[in-house]
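Each chain, written out:
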Amino acid sequence: QSALTQPRSVSGSPGQSVTISCTGTSSDVGFYKYVSWYQQHPGKAPKLMIYDVTKRPSGVPDRFSGSKSGNTASLTISGLQAEDEAAYYCCSYAGSYSLVFGGGTKLTVL
Amino acid sequence: EVQLVESGGGVVRPGGSLRLSCAASGFTFDDHGMTWVRQAPGKGLEWVSGINWNGGSTGYADSVKGRFTISRDNAKNSLYLQMNSLRAEDTALYHCARDGGYDFAFDLWGPGTMVTVSS
């Protein structure tokens, strides 16, 4: 159960798009469709943004999208807004009722 | 109101035990799998343990396997985490979270309860 690999930080200007990668293995990200993404503002609980690789829960703006290729999943945020500045975590099912998170990515809106 | 509220955290010496509780309200508790996720101060999220709707399936992170036990009481709308043989590295804010029917994705989180393991 090694943590998924995410970049420590990414940045972008308002209106731009950014993509956050999440690299796992053929035993987690590469094998299962159960990849989710969470947004966490400082001092707050995480918020579910994407599930099942590409799906958005009700209420999440369509500026947020997910994808996967091989062992790497990605979260893309388009039309960047100031309120998107937060930490983002990916999470994958890893079999046998276990999950693994990524180390987290700090998004800075310039 | 739909919510989760954790309790039971505190300061404990290495080797000690704690039992965390998570009280659910505002939704049908036994319709959902549940999980515990922790976050050490200034660090990222770490999945700890999960349980399905009826307790028939459970899972643990390697870091807690054999020391922590997850359980639930659907009659009391409550989730538990029994933590034994605690170590300094277990120090973290512990959140419970609900699987909202999204296939191992969690749509409702509690504010967390802090566990500090220190001599």
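Residues numbered from 1 in each chain as written. Chains lettered and ligands numbered in written order. Predicted model: local features only at pLDDT ≥ 70, side-chain atom pairs only at ≥ 80, totals over all residues. Heavy atoms only, no water.

Enquirer: Honestly, the overall build of chain B in this entry has me stumped. Any pointers?
Expert: When its secondary structure is counted, chain B shows zero helices and 11 strands. Overall, chain B shows an N-to-C arrangement of helices and strands of β-β-β-β-β-β-β-β-β-β-β. Oriented by its inertia axes, the alpha-carbon framework of chain B measures out at about 40 × 25 × 25 Å. Across the 119 residues of chain B, 50% fall into the buried class. (Helix = DSSP H or I, 4+ residues; strand = E, 2+ residues; numbered from the N terminus. Buried < 20%, exposed > 50% of the residue type's maximum accessible area, 1.4 Å probe, protein only.)

Enquirer: What is the right way to read the overall build of chain A from this model?
Expert: Within chain A one finds zero helices and nine strands. Secondary structure elements in chain A, listed N-terminal to C-terminal, are β-β-β-β-β-β-β-β-β. Relative to a compact globule of 110 residues, whose C-alpha radius of gyration would be 13 Å, chain A shows 13 Å and is just as compact. Viewed in the frame of its principal axes, chain A has a C-alpha envelope of about 40 × 25 × 25 Å. Buried residues in chain A amount to 49% of all 110 residues. A separation of at least 24 residues holds for 56% of the contacts in chain A among residues at least 6 apart in sequence. With the model as given, the accessible surface of chain A reaches about 4,900 Å², and the carbon-plus-sulfur share is 47%. The average position of the 9 basic charges and that of the 6 acidic charges among the side chains of chain A differ by 4 Å. (Rg over C-alpha atoms; globule rule 2.2 N^0.38 Å. Contact = heavy atoms within 4.5 Å. Areas by Shrake-Rupley, 256 points an atom, 1.4 Å probe, with all protein chains shown as cover. Lys, Arg positive; Asp, Glu negative; His and termini not counted. Charge placed at Lys NZ, Arg CZ, Asp CG, Glu CD.)

Enquirer: Looking at this structure, I do not really get the interface of chain A and chain B. What am I missing?
Expert: Bring the parts together and some accessible area is lost; that lost area is often taken as the interface size. Opposite the 21 residues of chain A that make contact, chain B presents 25 residues. Summed over both partners, the interface of chain A with chain B buries about 1,900 Å², with 66% contributed by carbon and sulfur atoms. Put simply, chain A and chain B have zero salt bridges between them. Elements with a contribution of two residues or more to the side of chain A that touches chain B: β3 (35-40), β7 (86-93) and β8 (99-101) of chain A. Sorting elements by how many residues they give to the side of chain A that touches chain B places β3(A) first, with three residues. (Buried area = accessible area lost by both parts, 1.4 Å probe. Salt bridge = Lys/Arg side-chain N within 4 Å of Asp/Glu carboxyl O.)

Enquirer: Help me understand the packing of aromatic side chains, please; the structure alone is not making it clear to me.
Expert: In this description, an aromatic ring pair is defined by two values, namely the gap between the centres and the angle between the planes. Counted under the stated rule, the structure contains 10 aromatic pairs over all chains. Measuring from centroid to centroid gives 6.5 Å for Tyr32(A) and Tyr34(A), while their planes differ by 15 degrees, and the two rings are stacked. What makes Tyr34(A) partly exposed here is its relative accessible area of 21%. Feature note: the residues Phe31(A), Tyr32(A), Tyr34(A), Tyr93(A), Tyr97(A) and Phe104(B) constitute an aromatic cluster, connected by ring pairs. (Phe/Tyr/Trp six-rings, centres within 6.5 Å; stacked < 30°, edge-to-face > 60°.)

Enquirer: Would you take a moment to explain the nonpolar core for this structure?
Expert: In globular proteins that are soluble, nonpolar side chains generally tend to be buried together. Counting residues in hydrophobic clusters, the biggest one holds 47 residues, and the most contacted among them are Phe101(A), Trp36(B), Leu79(B), Leu81(B), Met83(B) and Tyr94(B). Contact partners of Tyr94(B), with chain neighbours within four places excluded, come to Glu6(B), Leu20(B), Trp36(B), Val37(B), Arg38(B), Val48(B), Phe68(B), Leu81(B), Met83(B), Gly112(B), Thr113(B) and Val115(B). Formed by 23 residues, the second largest nonpolar core is a distinct cluster that contains Val10(A), Cys22(A), Val100(A) and Val109(A). (Core = buried A, V, L, I, M, F, W, Y, C linked by side-chain atoms within 4.5 Å.)

Enquirer: Please clarify how the pattern of salt bridges should be interpreted in this entry.
Expert: Oppositely charged side chains are able to pair whenever their charged atoms sit close together. For the structure on display, the rule yields eight salt bridges over all chains. Among the salt bridges present, the one from Asp52(A) reaches Lys55(A), with a minimum N-O distance of 3.5 Å. Relative accessible area serves as the criterion here: at 8%, Asp52(A) is assigned to the buried category. Between Asp90(B) and Arg67(B) there is a salt bridge, with its nearest N and O atoms 2.7 Å apart. Of this pair, Asp90(B) sits in the loop between β8 (78-83) and β9 (92-99) while Arg67(B) sits in the loop between β6 (58-60) and β7 (68-73), and the two are 23 residues apart along the sequence. There is no split in this pair, since Asp90(B) and Arg67(B) are both buried.

Enquirer: Looking at this structure, I do not really get the sheet that holds strand β3 (residues 18-25) of chain B. What am I missing?
Expert: By way of backbone hydrogen bonds, the strands of a sheet pair with one another, either parallel or antiparallel. All names here are of chain B. The strand order across the open sheet formed by four strands is β1-β3-β8-β7, and the pairing between neighbours is antiparallel. Looking at strand neighbours, the two that pair on one side only are β1 (3-7) and β7, the edges of this open sheet. Taken pair by pair, the neighbouring strands of this sheet meet at an average axis angle of 15 degrees, ignoring direction. (Pairing = 2+ DSSP bridges. Axes fitted to C-alpha atoms, helices over the stretch in contact; angles between N-to-C directions.)

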